[in-house]
Amino acid sequence: MALVNTKEMFKKAYEGGYAIGAFNVNNMEIIQGITEAAGELKAPVILQVSKGARAYANPTYLVKLVEAAVAENPDIPITLHLDHGPSFEMCKACIDDGFTSVMFDGSSKPFDENVAEAAKVVEYAHKYNVTVEAELGTLGGVEDEVSVEADKAMYTDPNQVEEFVNRTGVDSLAIAIGTSHGAYKFKPGQDPKLRLDILEEVSKRLPGFPIVLHGASSVPQEFVKIINQYGGNMPNAIGIPESELRKAAKMAVCKINVDSDIRLAMTASIRKYFSEHPDHFDPRQYLAPARQAVKDMVAHKITEVMGCDGKA
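Residues numbered from 1 in each chain as written. Predicted model: local features only at pLDDT ≥ 70, side-chain atom pairs only at ≥ 80, totals over all residues. Heavy atoms only, no water.

We apply this condition: UniProt positions are given in the numbering used here, feature names are shortened, and annotations may be inferred rather than shown by experiment.
Under the annotation held in an unreviewed UniProt entry, the chain carries the name Fructose-bisphosphate aldolase and is attributed to Caproicibacterium argilliputei. Taken directly from UniProt, the Catalytic activity (unreviewed entry) text for the chain runs: "beta-D-fructose 1,6-bisphosphate = D-glyceraldehyde 3-phosphate + dihydroxyacetone phosphate". What the UniProt record of the chain gives under Sequence similarities (unreviewed entry) is the line "Belongs to the class II fructose-bisphosphate aldolase family."

Following this line, the structure appears as structure tokens:
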């Protein structure tokens with residue numbers, strides 16, 4: 001099966017009350033771990049590449065690695081998606097490179113400017129059967145190239161979503177309902193809840209339209225504990241409860257982004273391995289269990305959070 005866009009997988013997800021996992025990729029081991037889990041569970045999957053990942057790994061390498069994953073997993077639909085594309089030019093470059101989905105992130109811009117640039121991306125992308133995601137509302141936190149101070153974050157205004165979608169023609173919409181980027185989403189003592197009331201109102205304004213959640217890693221405490229136990233320093237790292245994400249997946253959310261949890265799984269595995277095997281220096285020795293850690297974490301997300309296992 002060749003790479004696909006998100007149109008059909010989101011339609012099925014909306015009607016079936018589940019979400020597709022969108023996992024950020026940076027290297028071979030991450031791509032292998034994600035797609036092996038998805039392949040074994042017969043789950044559709046989105047592999048997404050950020051501006052930072054393109055700079056780190058080189059766009060050509062990433063595309064070819066994803067093409068290899070598609071060849072190794074011919075029975076599941078796989079989308080190659082640009083995450084947080086900051087400009088029309090980057091979205092165009094990714095479309096020209098063979099991406100089947102792109103996100104234009106104009107959430108920090110004034111409403112009309114966000115609309116105009118998103119519409120420009122849509123006009124180009126749809127010529128090549130590429131789907132487009134945009135964002136309305138601003139998530140706080142820091143992850144990769146995205147950094148927004150907490151006092152600059154704002155929830156999505158449901159009163160704007162219908163006009164935004166109609167004027168841009170986007171295929172899906174990322175909204176801000178309490179998620180945030182990075183591993184420090186809530187402070188100790190806070191009630192880590194999502195504004196599902198906003199999600200419900202948005203879905204009323206846009207019936208049948210696929211919604212996306214960014215900054216939705218759960219920051220599993222077992223990974224944080226291992227990292228801290230083996231020399232790390234991540235106090236008070238708190239994520240989004242998986243129970244909240246599952247509720248959202250049963251509503252209008254068709255795509256849930258996961259990045260920090262991949263980083264945590266790999267880092268925990270590697271820190272533990274280095275401590276237990278101080279004489280080892282072959283990267284294959286520590287990257288193999290790190291790849292397995294990613295696979296296990298993704299399998300858990302697919303079955304317990306997204307609910308998309310068996311939906312390929």
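Next, the rest of the story.
### Here's the deal with the pattern of salt bridges
The criterion, for reference: Salt bridge, as applied in this entry: a Lys or Arg side-chain nitrogen positioned within 4 Å of an Asp or Glu carboxyl oxygen. Note on classification: 1.4 Å probe, protein chains only; a residue is buried when its accessible area is under 20% of the maximum for its type, exposed when over 50%, partly exposed between these limits. Each helix is a run of H or I in the DSSP string that is no shorter than four residues. Each strand is a run of E no shorter than two, and both are numbered from the N terminus.
Within the structure shown, the criterion is met by 19 salt bridges. In this structure, R195 engages D197 in a salt bridge whose closest nitrogen and oxygen atoms are separated by 2.8 Å. Accessibility expressed as a relative area gives 44% for D197, which makes it partly exposed. Here K301 makes a salt bridge to D261, at a shortest N to O gap of 2.8 Å. In this pair, K301 is assigned in helix 12 (residues 283-306) and D261 in helix 11 (residues 260-276), connecting sequence segments 40 residues apart. Among the residues examined, K301 registers a relative accessible area of 1% and is labelled buried. A network of salt bridges, in which partner residues are shared, links E36, E40 and K295.

### Overview of the UniProt feature "binding site: Zn(2+) 2" (unreviewed entry) in the chain
The condition that has to hold: The contact criterion used throughout is that any non-hydrogen atoms of two residues lie within 4.5 Å.
UniProt's entry tags D105 and E135 with the feature "binding site: Zn(2+) 2" (unreviewed entry), counted in the numbering of this structure. These annotated residues cover 31 residues of sequence, and their C-alpha atoms lie no more than 5.7 Å from one another, placing them together at a single site. Here D105 shows up in the loop between strand 4 (101-104) and helix 6 (111-127). On the accessibility criterion, D105 (16% relative accessible area) is buried. Residue position: E135 is located in strand 5 (residues 131-136). Judged by relative accessible area, E135 falls into the buried class, the value being 2%. Once residues within four sequence positions are removed from consideration, E135 is found in contact with H84, M103, F104, D105, S107, N114, F164, L173, A174 and H214.

### Some words on the UniProt feature "active site" (unreviewed entry) in the chain
The UniProt feature table records "active site" (unreviewed entry) at D83. Mapped onto the fold, D83 is located in strand 3 (residues 78-85). The contacts of D83, once residues within four sequence positions are left out, are N24, Q48, V49, S50, K51, M103, H214 and N257.

### Some thoughts on the packing of helix 11 against helix 12
Definition in use: Throughout, an axis means a line fitted to C-alpha atoms (over the contacting stretch in the case of helices), and angles, computed between N-to-C directions, take values from 0 to 180 degrees. Should the near helix be turned anticlockwise from the far one by less than a right angle, the crossing is termed left-handed; should it be turned clockwise, right-handed. Amino acids are sorted into nonpolar (Ala, Val, Leu, Ile, Met, Phe, Trp, Tyr, Cys and Pro), charged (Asp, Glu, Lys and Arg) and polar (every other residue, Gly among them).
Two elements in contact, helix 11 and helix 12, have axes separated by 8 Å at closest approach and are oriented at 145 degrees. Pair helix 11 / helix 12 crosses with right-handed handedness. Residue-level contacts link D261, I262, A265, M266, S269, I270, Y273 and F274 of helix 11 to Q285, Y286, L287, P289, A290, A293, V294, M297 and K301 of helix 12. Looking at the contact of helix 11 with helix 12 residue by residue, the class counts come to 13 nonpolar, 2 polar and 2 charged.

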